[in-house]
Amino acid sequence: MIGHSAGEYAPAVVAGVMGLQDALTVVVLRGQLFEQVPAGAMLSVDLPEAELNSMMQGLELDIGVVNAPDLCIASGAAASIEELARRLAAQGREGRRLHINVAAHSRLLDPILERFRQGVSRIRLSAPSIPFVSNLSGDWADAALLSDPDYWVRHLRQPVRFAGGLARLLELPGAVLLEVGPGQGLCALARQNLQGQQRTVLPPTGK
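Here goes a summary of the coordinates provided. (Residues numbered from 1 in each chain as written. Predicted model: local features only at pLDDT ≥ 70, side-chain atom pairs only at ≥ 80, totals over all residues. Heavy atoms only, no water.)

To find leftover empty space, a probe the size of one water molecule is rolled over the atoms. Considering only enclosed or pocket space, the largest pocket measures out at about 590 Å³ in volume. If you trace the largest pocket, you find 25 residues lining it, with I2, L178, E179, V180 and L186 closest to the centre. At the level of secondary structure, the elements contributing two or more residues to the lining of the largest pocket comprise α1 (9–14), α8 (162–170), β5 (177–178) and α9 (185–193). Element by element, the count of residues in the lining of the largest pocket is highest for α9, at four residues. In this structure, the second largest pocket occupies an estimated 170 Å³ of space. If you go around the second largest pocket, you meet 13 residues; those closest to its centre are S5, M42, I100, A104 and H105. (1 Å grid on protein atoms, 1.4 Å probe; cavity = no way out; pocket = protein on both sides within 12 Å on 5 of 7 lines; lining within 4 Å. Points joined across faces, edges and corners; volume = space filled by probe spheres on them. Helix = DSSP H or I, 4+ residues; strand = E, 2+ residues; numbered from the N terminus.)

Okay, structure coming up:
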C-alpha cells in the first residue's frame, strides 16, 4: 500500500498503526491547524527535483511533493509562487496552480508543528501488521518510526516522496496498481512513473 500526503493515514489504519477514530481525529486536527497558518500556494511543475530547487533559489519556497521523476510541486508563500511562475514563463515553461490556499509540506507550517505533535502524541500508535510505503522516505515504512509521533510530524512537514515510493512498489514482480477511493489522480501519477514498464493500473470506478 501507498498513500499520498494525508492519504497515508488510510494505509496506516489498514495496517493497524492507528485506529480509524484516531486517524479521523488527526485529519480534523490537521485541517484546524492549516486554518491557522499564513495563506500560501502550491505550483505543479514539470521539472525534476534538483532543477526545480535551482529555479526556487532565493524564494520562500520548498519542494512540497515529488510526484514523478520530472513532476514536482513547489510550496510556500503566494508571492514567491508567483515569482517562480514568472521565472518559468521566462524559460517558456508553465506551472499549474493547485486549488488550495495552504502551502502544505512547506516552512509555512513550522509554527503549528508542535501543536500537531501534541495532538498525535495523544493517540495510540502501533507497529504495522501489513507493510506499506512511506511518503516521508519513499521507501518501505520503518515499523519502529511509525509508532513515534515525530514520524507523523515530519510526514506533515517534509516533501511527499510519492515517486520514490511508487518505484519501490514497482519492484514487486507482477504488481497490479489499484487506486482505492474517489477519483483517478493516483492512477494518472502511477502511469507517469511507469517509464515504459508494462503494468496494470486500475481506477476505482472501472471507467
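On we go from here.
Now for a nonpolar patch on the surface. On the surface, a cluster of nonpolar side chains totalling about 410 Å² of accessible area is made up of V176, L178, V180 and L202. When you line up the elements, L202 lands in strand β6 (residues 201–202). (Patch = residues over 30% accessible without salt bridge, like charges linked within 9 Å, V, L, I, M, F, W, Y side chains within 5 Å. Areas by Shrake-Rupley, 256 points an atom, 1.4 Å probe, with all protein chains shown as cover. Salt bridge = Lys/Arg side-chain N within 4 Å of Asp/Glu carboxyl O.)

Here we take up empty space enclosed by the protein. Taken as a whole, this structure holds one cavity of 30 Å³ or more when the rule is applied. In this structure, the largest cavity occupies an estimated 30 Å³ of space. Taken together, S5, H105, N135, L136, H155, Q158, P159 and V160 make up the full set of residues lining the largest cavity.

This part takes up the environment of C187. Residue placement: C187 occurs in helix α9. Judged by relative accessible area, C187 falls into the buried class, the value being 1%. Taking the C-alpha atoms as reference points, C187 and P204, separated by 17 residues in sequence, lie 9.2 Å from one another. (Buried < 20%, exposed > 50% of the residue type's maximum accessible area, 1.4 Å probe, protein only.)

Summarising the element assignment, N193 is placed in helix α9. Aside from chain neighbours lying at most four places away, what touches N193 is N67, A68, P69, A163, L166 and L170. (Contact = heavy atoms within 4.5 Å.)

This paragraph deals with the sheet that holds strand β2 (residues 61–68). Spatially, the four strands line up as an open sheet ordered β2-β3-β1-β4, and their pairing is antiparallel. Pairing within the sheet leaves two strands with one partner each, and these edge strands are β2 and β4 (96–97). As defined by bridge partners, strand β1 (residues 41–45) adjoins strand β3 (residues 71–76) across five bridges and the pair is classed as antiparallel. Bridge pairing in β3 places S44 opposite I73. (Pairing = 2+ DSSP bridges.)

Now for the environment of L178. Looking at where L178 falls in the secondary structure, it is placed in strand β5. For L178, a relative accessible area of 55% translates into the label exposed. Along the chain, L178 and T25 lie 153 residues apart, while their C-alpha atoms are 27 Å from each other. If near-sequence neighbours (up to four positions away) are discounted, L178 is found in contact with L202 and P203.

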